[in-house]
Amino acid sequence: MLRTVFAALVMLSACGPVALGQEWARKMFETTSHDFGAVPRGAKVEYQFKLSNLYQEDIHIAGVRSSCGCTTPSITEDTLKTYETSTIVAAFNTRNFLGQKKATVTVTIDQPFYAEVQLHVAGYIRSDVVLYPGAVEFGSVDQGSTAEKTIKITYAGRSDWQIVDVRPPPFLDASVRETGRGNGQVTYDLHVRLKPEAPAGFVKQQLMLVTNDRRATQLPVDVEGRIVSELTISPASLFMGSLKPGQKVTKQLVVQCKKPFRITAVTCGSESFKMQALEVAKPVHLVPVTFVAGDKPGKVTYRIRIETDLGEDVASELSAYAQVLEVEETEPADAAP
C-alpha cells in the first residue's frame, strides 16, 4: 500500500535517529553503489542510479555533490510526484584522472522532509588504453534507419596486445580493424552499426572489447543515441494521480508526427478510462483521457493503445496508472436522545 513519508518515518522511528532520517529516502533507490571496473582513458563512462517516488507527497531533490573530482554527478529530474522516476547520473572523469578512483555522491532531499542519501562509485582508469572519441554517439536517428560510427583505440605497452573479440548488445553490430602496430603502440578502428530494427527510445548501452591482457580482459565502450519514432506521445507514461474511490480526473496526451495524420482508435483494457479518437488529419493531436477511480485501493496500471492511418506498423502504446486511496471508515455519530 502506498504510504506517506510521515507514515514511513513513524515505522522507522524504532530503529533510531539515523534510520528515521535517511532510510525512507534510501528506499527510493534501486541501488546505491557501482563499480565501473577497468575503463580506458578518455572514455565516456557514466552510471545512472535510478530512483522512484514511493510516497504520496512530492519529492524534491535539492542537489548532488561528489567527494572527488573524479566523478561529476547530475540529476535528470529534481521534482517527483508519486511513482515518477529520475536518475542521478555519475560521470567518471577519465580524461583528468588515472588509476584506482572512488567517490561518494551525496544526494540532498529537502521536501517533504530533509534527508541525505550516499551513493558510491569506484573504478580503475587505465593509462595504456585510450579511446577517441570517448564513446559511440549516434545522436538522433529515425526509427527504421541505420547509423554507423567509428572510433579509434590506442594501446601503449606490450607489443603483442590484441583485441580478440567484440561483444555488442542487442540491435548493434560491431567489428574492429587493426590499423597500426610498432614502437610499443597498437591502434585499432572500432566500427559500430545501429540496426534498423532497433526500437524507438534512448540508447544507453555498452559493448565489450575482449583483449588478450590477463589483467583486464574486457574493456567497456559506451554507446548512446536516440531513436525517434515516426509517431511520438507525450508524456511517455500517464499518471492520473492519487484519487479517492469514485473521484474523476482528466489529463491530456499530445500525439504528434512530422506529417498530418488521423487517430483512428484509442483503446484501453479498462472501463475506468474513457478516451476519444479524433479523426481530423493534422500533425499534432491533443487526446483527453478521463479516469474514474474504482472501489479497490491500490495501484492500477493499464496500457493505452493509439492507432492511426499511418499504417499497421505505426501504432504506439503507453502506460496509464493511478493510485486509488484507501478511505478510512468513520464511526456513525450517536443518535440524538
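The rules we used
- Residues numbered from 1 in each chain as written.
- Predicted model: local features only at pLDDT ≥ 70, side-chain atom pairs only at ≥ 80, totals over all residues.
- Heavy atoms only, no water.
- Helix = DSSP H or I, 4+ residues; strand = E, 2+ residues; numbered from the N terminus.
- Buried < 20%, exposed > 50% of the residue type's maximum accessible area, 1.4 Å probe, protein only.
- Core = buried A, V, L, I, M, F, W, Y, C linked by side-chain atoms within 4.5 Å.
- Contact = heavy atoms within 4.5 Å.
- Pairing = 2+ DSSP bridges.
- Axes fitted to C-alpha atoms, helices over the stretch in contact; angles between N-to-C directions.
- Phe/Tyr/Trp six-rings, centres within 6.5 Å; stacked < 30°, edge-to-face > 60°.
- Lys NZ or Arg CZ within 6 Å of the ring centre and 35° of its normal.

Caption draft 1: Representation of unusual backbone geometry. Each neighbour pair has its own omega, and for Gln111 with Pro112 the value is 5°, a cis peptide bond. Here Pro112 lies in the loop between β7 (99-111) and β8 (115-132). Going from Ser234 to Pro235, the amide bond is cis rather than trans, its omega being 0°. Of note, Pro235 is situated in the loop between β16 (231-234) and β17 (237-243). In this model, Tyr83 sits at a positive phi of 70°, which is unusual for a non-glycine residue. Summarising the element assignment, Tyr83 is placed in the loop between β5 (79-80) and β6 (85-92). We classify Tyr83 as buried; its relative accessible area is 17%.

Caption draft 2: Seen up close, the nonpolar core. Counting 56 residues, the largest nonpolar core has Trp24, Ile88, Phe138, Leu190 and Leu209 as its most contacted members. Ranked by residue count, the leading element in this core is β8, at seven residues. Residue contacts for Ile88: discarding those within four places in its chain leaves Phe29, Tyr47, Gln48, Phe49, Leu51, Ile61, Val64, Ser74, Ile75, Val105, Val107 and Leu119. Among the nonpolar cores identified, the runner-up in size contains 26 residues, and Ile263, Met275, Leu310 and Val324 belong to it.

Caption draft 3: Molecular detail of the environment of Gly42. Note on placement: Gly42 falls in the loop between β1 (33-41) and β2 (45-52). Distance from Gly42 to Tyr132, taken between C-alpha atoms, is 6.9 Å for residues 90 residues apart in sequence. Not counting chain neighbours up to four residues away, the residues in contact with Gly42 comprise Thr94, Arg95, Leu131 and Gly134.

Caption draft 4: Examining the sheet that holds strand β9 (residues 136-142) more closely. Read across the open sheet, the four strands follow the order β9-β15-β14-β11; overall the sheet is mixed. Strands with a single pairing partner mark the edges of an open sheet, and in this sheet they are β9 and β11 (163-167). With direction set aside, neighbouring strand axes in the sheet form an average angle of 20°. Examined bridge by bridge, β11 and strand β14 (residues 201-211) share four bridges and lie antiparallel to one another. When the sheet's bridge partners are listed, Asp165 is paired in β14 with Val210.

Caption draft 5: Spatial organisation of the packing of aromatic side chains. Here the structure, examined in full by the defined rule, presents 10 aromatic pairs. Plain terms: the ring middles of Tyr155 and Trp161 are 4.3 Å apart, the flat faces sit at 10° to each other, and that makes the pair stacked. Like Trp161, Tyr155 is buried. On the basis of an interplanar angle of 75° and a centroid distance of 6.2 Å, the ring pair of Trp161 and Tyr188 is categorised as edge-to-face. In this pair, Trp161 sits in the loop between β10 (147-156) and β11 while Tyr188 sits in strand β13 (residues 185-194), placing the two residues 27 residues apart along the sequence. Of the two residues, Trp161 and Tyr188, neither departs from the other in class, the shared state being buried. Ring-pair connections join several aromatic residues into one group, and the members of that group are Tyr83, Phe239 and Tyr321. Of note, Lys299 hangs over the ring of Tyr83, and the distance from its end group to the ring centre comes to 4.2 Å. Sitting over the ring of Tyr321, Lys299 keeps its end group 5.0 Å from the ring centre.

Caption draft 6: Spotlight on the pairing of β6. Most of β6 sits inside the fold, with seven of its eight residues counted as buried. As paired strands, β2 and β6 are joined by eight bridges and run antiparallel to one another. Within the sheet, the bridge partner assigned to Gln48 lies in β6 and is Val89. Across five bridges, the pairing between strand β4 (residues 71-75) and β6 is antiparallel.

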